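# Descriptive structure summary
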Amino acid sequence: MAKKYYITTPIYYPSGNWHIGHCYTTVICDALARFHKMKGEDVFFLTGTDEHGQKVEKEALKRGITPLAFIDPLVAELKDMWRLLDVGYDRFIRTTDEDHVKCVQHIYQKLYESGDIYKAEYEGYYCTPCEAFWTESQLKDGKCPDCGREVTKQREESYFFRLSKYAPRILKLYEDDPEFLQPTSRVNEMVNNFLKAGLQDLSVSRTTVKWGIPLPFDPKHTAYVWIDALSNYISALGYGTEKDDLYKKYWPAELHLVGKEIVRFHAIIWPAILMALGEQIPKQIYGHGWLLIGGEKLSKSKENARPELTDPYELVKRYGADAVRYYLLREIPFGSDGEYTTERFLLRINADLANDLGNLVSRTQAMIGQNFGGTVPPCGREEEADKPLRAMCGELFNKIDADMAALNAPDALSDIFALVDRANKYIDETTPWLLAKDPEKRERLGTVLYHLAEVCRMCAVALKPFLTVAPAKILKSFSCDENAGFDTLHFGVLKEGMAVEKLPPVFPRIDVKKELAEVEKLVKKSTPLPPSTGGGKGDPVSAGEGKSCPAPAEEEARPQPKPEISIDDFGKLELKVGEVIACERVEKSDKLLHETVKIGGEVRSVVSGIAKFYTPEEMVGKKVVVVTNLKPVKLRGVLSEGMILCAEDKNGNLSLVSPEKPVESGATVR
Ligand code: MSP
C-alpha cells in the first residue's frame, strides 16, 4: 500500500489584498505535495479559509451586508490566486462549510462532556486583528505583543478549556519528539515565552461575537475562532462523523506548515485539544520565516506591500507562474526570513531560469537541430569528460529526496541547478561547436549532445514539483511524456532518432534595469491614483479601456470619436441597475470610492473614481447603472467587480447615470 502523506497550509483569513508573502506557505506545501505524489505516495493536501470572527463581522456590518456576502467574493479571489499559481490542493475547506461547523460542535460537546471545557468569567484583553487573548502582564506597553496594535479590555461569561492541565504533556512532547516542532529555535520560543511561566486556561467561547459557530450546549456562545480554525485539519477528513474514512486513512498529518507568528496556536493549543480529545498529534509543525520588505513583515496592514510590486496577479501576469513559484521556493533560506525586492526577484529568475536553464535547453536543442536534423543522436563510447556529469545525474534523485525530507525546497532547487551549471560547463569543456567542424568527431559530437539532452530531460523531471509550466514544455520538446515520474531519473531514456523540437526561449531574458524602470513607472503612475475602474485583473492601471468614471479632465486626452459598432458589439455589454448599499473611501486615495452594490440577488464590490464628486454617505441608497460583465480588477488592492456609469462634462465633472423612474435593482439596461 502506498505511503500516505497529509499536508496542510493554515487556512487564510478572507482579507483580500493578497500579496506574495501570502503565497509563500501554500506554494511550498504545493511543491511538497507534488513531490510526494511523484514519489508514488498517497497525498492529501488541504488548504482553505478561516471565515468566522469579529473582523469579518465588523467589515460586513460596515458595508451593510451579510458576512457571507462579504466573504464569498474574497474566497473566490483566493481560489483564483491558487489557480493562477497552479496550486493543486485536494480540498479547499471553508470554516462555514456545513461539515466543518458540525465537527467543531462535536469537538466542543466532547470536551464539555469530558470536563475539559467549563464555564467561568473571562476578564482580559483581546486583539481583534490577531483574534488573540492576552493577560495584562503579556501586553507590551499596553498593546498587543504580537502586532503592536490596540487591545480592548473584555469581561464576559465564557467557557474555558483546561489548557493549563496539558502544559506538562506538551513540554514532554517537545522533549520526546524533537521532530514535532521545527525549526528547533521555535521550541525555545514556545518554552521561554509561554510554557515556562505555566499556561492559563483558555477562554474558548464568546457571547459578543455573533459570526461564529454556536456551542451545542449553550448556543448564545460562539466558538473561539482559533479552536474553530485549528479544527479544520480534522474536520476536513470527516473526524467525528460516520464518514470518517479519510480521517482513518490520513490522520495524523505529516506536516502543518505555518508562518512563525502562528506557531504558538499550532504547537500549544492544537496538541492540547487533540490530547483532550484522545486523538493523535500531528507529526510535525514547521514554523517558516517571513518575506520582509525593509526588514519588516510584508503586510498589507503595514502598507509596505505595494500592489504593483507584490500583488501575485501582477507578478504572474508579467513574469509567469513558474517565475513566482521559483522565486518563493528558491530564494528564502528555509526557516529564516528573507528580504523581498523586485530587483532580487528579477535577478534570481533571470540568472537561474533565463540564463542557466534556458540557455542549456536552447543551446542543446539548437545544436541537435543543426547537426542531427532535430533528432536524438546515438550515444557513443563514454569518455572521461562525461563521467562527472553522469555521476551528478545518478545522484540527483537521492539528493533532492533528502532535501525534501528536510522540507528544504531551496536546497533541492540548488541541487538541480548545480546539475544545470555542470552541464553548461560540460559544453565549455567538450566544445561541441568545434566537434561539429570535424567529420571524424561526429560520433563524439553525438555522444556530447546525447548527454546534454539527457540532462535537460532529467532536470525537467526533477523540476516538476516546483515549476508547473516549463518542465512539461521541455519534456514534450524532447518527445517525452510530460507525466514522466522520478523512475525516469536515469541515463538512457532518450532513444536515438526521437524528435527534438527547438523551443522558443522557455524563460525570456529580462533586461533588469529596464524592467525596474518600467515597474517604477507603474508605481508612480498609481501613486496619486489609477484611473477609475476598468481593464482586467491583470490590467489594473490601464488608462482608458472600459472607463466609466474617468479621472479629471486635465489628465485626459480630448476624447476622439470612436468607430461605429454593430448592435452585436453593443450586445456584448451587460448593464444592470444596482443599488449602492454601502460605500467608503478607498484608503490613501482622494479619488476612489469603494461601493457595495446590490444587483438583484447578488452583492458586488465596485471601485470607482468619483470621490471628488460624491461622498460615501451620498452614494448609499443611489440606484446606478453597472457594467456587470467586466473582468474583475483590483484597484489599490480592493476588488472591483463592475463599473458604475457616469456622464462627464467638458470640465471633467462626473454625474451618475441613474434610471429616471423607480426600477428594482437587477433590472437590465439596454
Ligand atoms: N487564519 C490564520 C491561520 C489559521 S490556521 C488554523 C492566519 N491566516 S493568514 O491569512 O493571516 O495567514 C496565512 C499564511 O500566510 C500564514 O502561514 C502566514 O504566516 C502567511 N503569511 C502572511 N504574510 C506573510 C509573509 N509576509 N511572509 C511569509 N508568510 C506570510 O494566520
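Worth saying up front: this structure is predicted, and the values here are computed from it rather than measured. (Residues numbered from 1 in each chain as written. Predicted model: local features only at pLDDT ≥ 70, side-chain atom pairs only at ≥ 80, totals over all residues. Heavy atoms only, no water.)

### Considerations on the overall build of the chain
- The secondary structure content of the chain amounts to 22 helices and 26 strands.
- Scaling as 2.2 N^0.38, a compact globule of 670 residues should have a C-alpha radius of gyration of about 26 Å, and the chain matches this with 29 Å.
- Principal-axis analysis of the C-alpha atoms places the extent of the chain at approximately 85 × 75 × 50 Å.
- The long-range fraction of contacts in the chain, counting pairs at least 24 apart against all pairs at least 6 apart in sequence, stands at 74%. (Helix = DSSP H or I, 4+ residues; strand = E, 2+ residues; numbered from the N terminus. Rg over C-alpha atoms; globule rule 2.2 N^0.38 Å. Contact = heavy atoms within 4.5 Å.)

### Here's the deal with helix α15 (residues 387–405)
- If you check α15, its first and last C-alpha atoms are 28 Å apart, about what 19 residues at 1.5 Å a residue would give, namely 27 Å.
- Taking the largest bend as the criterion, α15 deviates by roughly 40°, centred on L396.
- Among all positions in α15, only L389, C393, L396, I400, D403 and M404 are buried.
- In this fold, the buried residues of α15 make contact with α1 (20–38), α16 (409–430) and α18 (442–463). (Expected span 1.5 Å × (residues − 1). Bend = angle between axes of the 7 residues up to and from the residue. Buried < 20%, exposed > 50% of the residue type's maximum accessible area, 1.4 Å probe, protein only.)

### A short note on the domain arrangement of the chain
- Here the chain is described as being made up of domain 1 (320–488) and domain 2 (567–656).
- When each unit is reduced to the centre of its C-alpha atoms, the spacing between domain 1 and domain 2 is 50 Å. (Domains from an automatic or database assignment.)

### Quick word on the packing of α15 against α18
- Between α15 and α18, the least distance of the axes is 11 Å, while the angle of their chain directions is 5°. When the axes of α15 and α18 are compared, the pair comes out roughly parallel. For the pair α15 and α18, the contacting residues are L389, R390, C393, L396 and I400 in the first and H451, V455, M458 and A462 in the second. (Axes fitted to C-alpha atoms, helices over the stretch in contact; angles between N-to-C directions. Parallel < 35°, antiparallel > 145°, perpendicular 65-115°, else oblique.)

### So, the packing of helix α14 (residues 342–372) against α18
- Running from amino to carboxyl end, α14 crosses α18 at an angle of 145°, the nearest separation of the two axes being 10 Å. You can see that α14 and α18 cross each other, and the crossing is left-handed. Only R442, L445, G446, L449, L452, A453, V455, C456 and L463 of α18 make contact with α14, whose side of the interface consists of L357, L360, V361, T364, M367, I368, N371 and F372. (Left-handed = near helix turned anticlockwise from the far one by under 90°.)

### Concerning the pairing of strand β19 (residues 602–608)
- Within β19, five of the seven residues are buried, leaving the element largely enclosed by the surrounding structure.
- Taken together, the seven bridges between strand β18 (residues 593–599) and β19 define a ladder with antiparallel strand orientation. From the neighbouring strand, K598 faces β19, where its bridge partner is V603.
- The antiparallel pairing of β18 with β19 creates a hairpin that spans two residues between the two strands, and G600 there sits at a positive phi of about 60°. (Pairing = 2+ DSSP bridges.)

### Focus: the side chain of T8
- Assignment of secondary structure puts T8 in strand β1 (residues 4–8).
- In this structure the side chain of T8 is engaged in a polar contact, spanning 2.7 Å, whose partner is the side chain of H256.
- Excluding residues within four positions of it along the chain, T8 makes contact with C29, L46, Y233, L255, H256 and L257. (Polar contact = N/O pair within 3.5 Å; in protein donor to acceptor, adjacent residues only side chain to side chain.)

### Some words on the site of the ligand
- Every one of the 24 residues lining the ligand counts as a neighbour, but I11, D50, E261, L291 and L298 are closest to it.
- A distance of 3.1 Å is found between an oxygen atom of the ligand and a backbone nitrogen or oxygen belonging to G259.
- Contacts to the ligand include L298, whose backbone N or O atom sits 3.0 Å from a nitrogen atom.
- Considering the ligand on its own, with 670 Å² of exposed area, one finds that the protein chains cover 96% of that surface.
- Put simply, the parts of the chain that give the shell around the ligand at least two residues each are α1 and α7 (225–230).
- The biggest single contributor to the shell around the ligand is α1, with four residues.
- Residues that form the shell around the ligand fall into these classes: 13 nonpolar, eight polar and three charged. (Near = heavy atom within 4 Å. Areas by Shrake-Rupley, 256 points an atom, 1.4 Å probe, with all protein chains shown as cover. Nonpolar A, V, L, I, M, F, W, Y, C, P; charged D, E, K, R; others polar.)

### What about the pattern of salt bridges?
- For the structure shown, the criterion picks out 52 salt bridges.
- Here R155 and E121 are joined by a salt bridge, their closest N and O atoms 3.2 Å apart. Highlighted residues: R155 in strand β6 (residues 152–161) and E121 in strand β4 (residues 117–127), separated in sequence by 34 residues.
- Here R155 falls in the exposed class, since its relative accessible area comes to 58%.
- A salt bridge links K220 to E157, with the shortest nitrogen-to-oxygen separation between them at 3.6 Å. Of the two residues, K220 sits in strand β11 (residues 218–223) while E157 sits in strand β6, which places them 63 residues apart along the sequence. (Salt bridge = Lys/Arg side-chain N within 4 Å of Asp/Glu carboxyl O.)

### Points about helix α5 (residues 163–176)
- With 14 residues, α5 extends 20 Å from end C-alpha to end C-alpha; this agrees with the ideal 20 Å at 1.5 Å per step.
- The sharpest bend along α5 reaches about 25° and sits at R169.
- On its buried face, α5 sits against β6, β7 (181–182), α6 (184–195), β8 (202–203) and α10 (263–277).

### Section: the packing of aromatic side chains
- This model, assessed by the stated rule, comprises 32 aromatic pairs.
- For the ring pair Y159 and F217, a centre distance of 5.1 Å and an interplane angle of 80° mean the geometry is edge-to-face. With Y159 in strand β6 and F217 in the loop between β10 (214–215) and β11, this residue pair connects regions lying 58 residues apart in the sequence. One exposure class covers both Y159 and F217, and it is buried.
- When the centroid spacing of 3.8 Å and the interplanar angle of 0° are considered together, the rings of W226 and F265 count as stacked. Highlighted residues: W226 in helix α7 and F265 in helix α10, separated in sequence by 39 residues. (Phe/Tyr/Trp six-rings, centres within 6.5 Å; stacked < 30°, edge-to-face > 60°.)

### Observations regarding the sheet that holds β10
- Spatially, three strands are ordered β9-β11-β10 in an open sheet, and the strand pairing comes out antiparallel. Because the sheet does not close on itself, it has two edges, and the strands there are β9 (205–206) and β10.
- When β9 meets β11, the two strands line up antiparallel, connected through two bridges. Along β11, the bridge assignment pairs S205 with A223.

### Focus: the pairing of strand β12 (residues 255–259)
- Where burial is concerned, most of β12 is hidden: five out of the five residues are buried.
- In the sheet, β1 pairs with β12 via two bridges, with the strands oriented parallel. Bridging from a neighbouring strand, I7 pairs with L255 of β12.
- Strand direction decides the pairing type here: β12 and strand β13 (residues 285–288), joined by four bridges, are parallel. Counted as the bridge partner of G259 is H288 from β13.
- For the segment spanning β12, α10 and β13, crossover handedness is right-handed. (Right-handed = clockwise from strand over helix to strand, strands pointing away.)

### Remarks on the environment of I170
- Mapped onto the elements, I170 comes out in helix α5.
- Each residue touching I170, except ones within four places of it in the same chain, is listed here: L195, A267, I268, A272 and M275.

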